[in-house]
Amino acid sequence: MNPSVTQKERIVSLDIIRGLALFGILFINVAAYQVIVEGGPMPDFSGINGIIDKLIDIFIEKKFFSIFSFLFGVGFYIFASRAEARGDKPRWRFARRLLALLLIGIVHIFVFWGSILAIYAVIGFLLIPFYNAKVSTISKWLFAFITVHILSILGQIFMPNQGAFSTVFGFLGNDAVTIFIMFLTGFLVAKADWISHVSKYTKQIKWIQFVTFPLFVGISLWIWFAAQGEDQNLQFIIGLGVIPTTYFYLTCLFVILENKKIAKLLKPIGRVGQMAFTNYLAQSFIGLAIMSLMGLEVVSPSDVVIIAILTFVIQIIFSVIWFKFFKMGPFEKLWRFMTYGRKAVSNK
């Protein structure tokens, strides 16, 4: 493994991962850009489309949103710690940032019903009490949350229709809890300073990979056969694999991006991640425009792949050009202004 990269390069690595997360999110969101009307045409899930759909379930469904959630947690620590270093009130400033995100997210829902921004803002408030907690304390809380969450999903699979227990399982095993777990994971990793010293934690990273890889393989096979058999518990099984798969993906990405040549090669993707807020908001508009040009009434899994790739290529080109003239994306600038007011820096 190469020596640990500098802090500046490490932020570039975070941007690359964020860009890749946006690409993965496209494979989920594209199909939701057009609402399927009952009695209308339905997507084709036969042949190659069925295989693509299953592969998306295994490798992408919920995992890339979780990577995005992890990075949100990392961002919380970086944002709050820098605010504190400036003599600002970190928790109050972050609360204001979340309120701004909530407002933008509510507006975005009217454009794309599947927008995650408002949910992120609400769940983000749960991170604030952990800001001054010790790394060891956060680790214990995180382990407890993961254990309860996994047991709740297993309860939904193997103990359905258990009255009050089913209600509890549904509450503790839902996607909102997954998002918070990944928020807290990202915050913990950033606070423990893993982000800028990846090579220093090689043993811990290998241990995480040793534990999560067999879980990833096992649950992936389970998802494949559950999808083949149209198992009614498919979504629960997918949910069961989200945390181990996301941890495995993240550890692999951080190790790979320690290689400066690879990081440099992927820098254009990092530009997409550098203005992730703007690109996330823009994806629905670009995707719908491509669908319109393709004349699609419904979107099959193979269409999803084509539209996702085209959308992301457009965003790479746009982002690379944008940063030749500006320091931040347009919605990043808006969000910054809503967070700091007139103290926000110029975009040029």
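Residues numbered from 1 in each chain as written. Predicted model: local features only at pLDDT ≥ 70, side-chain atom pairs only at ≥ 80, totals over all residues. Heavy atoms only, no water.

1. Some thoughts on the overall build of the protein chain
Here's step 1: For the protein chain, the helix and strand inventory stands at 15 helices and 0 strands.
Here's step 2: For the protein chain, the C-alpha radius of gyration of 20 Å lies close to 20 Å, the compact-globule estimate for 348 residues.
Here's step 3: Counting only C-alpha atoms and orienting by the principal axes, one finds that the protein chain spans roughly 55 × 50 × 40 Å.
Here's step 4: Considering only contacts in the protein chain between residues 6 or more positions apart, those separated by 24 or more positions represent 79%.
Here's step 5: Only carbon and sulfur atoms are counted for the fraction: they give 70% of the accessible area of the protein chain, which is about 17,500 Å².
Here's step 6: Computed over 31 positive and 17 negative side-chain charges, the inter-centroid distance for the protein chain is 19 Å. (Helix = DSSP H or I, 4+ residues; strand = E, 2+ residues; numbered from the N terminus. Rg over C-alpha atoms; globule rule 2.2 N^0.38 Å. Contact = heavy atoms within 4.5 Å. Areas by Shrake-Rupley, 256 points an atom, 1.4 Å probe, with all protein chains shown as cover. Lys, Arg positive; Asp, Glu negative; His and termini not counted. Charge placed at Lys NZ, Arg CZ, Asp CG, Glu CD.)

2. A short note on a nonpolar patch on the surface
Here's step 1: A surface patch of nonpolar side chains, about 480 Å² in accessible area, is lined by Ile309, Val313, Ile317, Ile321 and Phe325.
Here's step 2: Structurally, the position occupied by Ile309 is in helix α14 (residues 301-322).
Here's step 3: On the basis of relative accessibility, which here comes to 40%, the residue Ile309 falls in the partly exposed class. (Patch = residues over 30% accessible without salt bridge, like charges linked within 9 Å, V, L, I, M, F, W, Y side chains within 5 Å. Salt bridge = Lys/Arg side-chain N within 4 Å of Asp/Glu carboxyl O. Buried < 20%, exposed > 50% of the residue type's maximum accessible area, 1.4 Å probe, protein only.)

3. Focus: helix α6 (residues 135-158)
Here's step 1: With 24 residues, α6 should reach 34 Å at 1.5 Å per residue; the first-to-last C-alpha distance of 34 Å fits that figure.
Here's step 2: Those residues of α6 lying buried are Ile138, Leu142, Ile146, His149, Ser152, Ile153, Gly155, Gln156 and Ile157.
Here's step 3: Looking at the buried positions of α6, the neighbouring elements they touch are α7 (164-172), α8 (175-191), α9 (202-228) and α10 (234-256). (Expected span 1.5 Å × (residues − 1).)

4. Describing the environment of Ile307
Here's step 1: Relative to the helices and strands, Ile307 resides in helix α14.
Here's step 2: According to the relative accessible area criterion, Ile307 is buried, its value standing at 0%.
Here's step 3: Residues Ile307 and Val30, 277 residues apart in the sequence, show an inter-C-alpha distance of 7.3 Å.
Here's step 4: For Ile307, the contacting residues outside a window of four places in its chain are Val30, Gly287, Ile290, Met291, Met294, Leu296 and Val299.

5. Section: the pattern of salt bridges
Here's step 1: Counted by the stated rule, this structure contains 3 salt bridges.
Here's step 2: The partner of Asp175 in a salt bridge is Lys62, with the nearest N and O atoms 3.2 Å apart. Pair noted here: Asp175 is in helix α8 and Lys62 is in the loop between α2 (48-59) and α3 (63-85), with a separation of 113 residues, a long-range link.
Here's step 3: Under the relative-accessibility criterion, Asp175 is labelled partly exposed at 40%.

6. Observations concerning the packing of α8 against α10
Here's step 1: Viewed as axis vectors pointing N to C, α8 and α10 meet at an angle of 30 degrees, and their least axial separation amounts to 11 Å. For the element pair α8 / α10, the angle class is roughly parallel. Crossing handedness for the pair α8 and α10: right-handed. The segment α8 lies against α10, with Thr178, Ile181, Met182 and Thr185 engaging Val242, Ile243, Thr246, Tyr247 and Leu250.
Here's step 2: Looking at the contact of α8 with α10 residue by residue, the classes come out as 6 nonpolar, 3 polar and no charged. (Axes fitted to C-alpha atoms, helices over the stretch in contact; angles between N-to-C directions. Parallel < 35°, antiparallel > 145°, perpendicular 65-115°, else oblique. Left-handed = near helix turned anticlockwise from the far one by under 90°. Nonpolar A, V, L, I, M, F, W, Y, C, P; charged D, E, K, R; others polar.)

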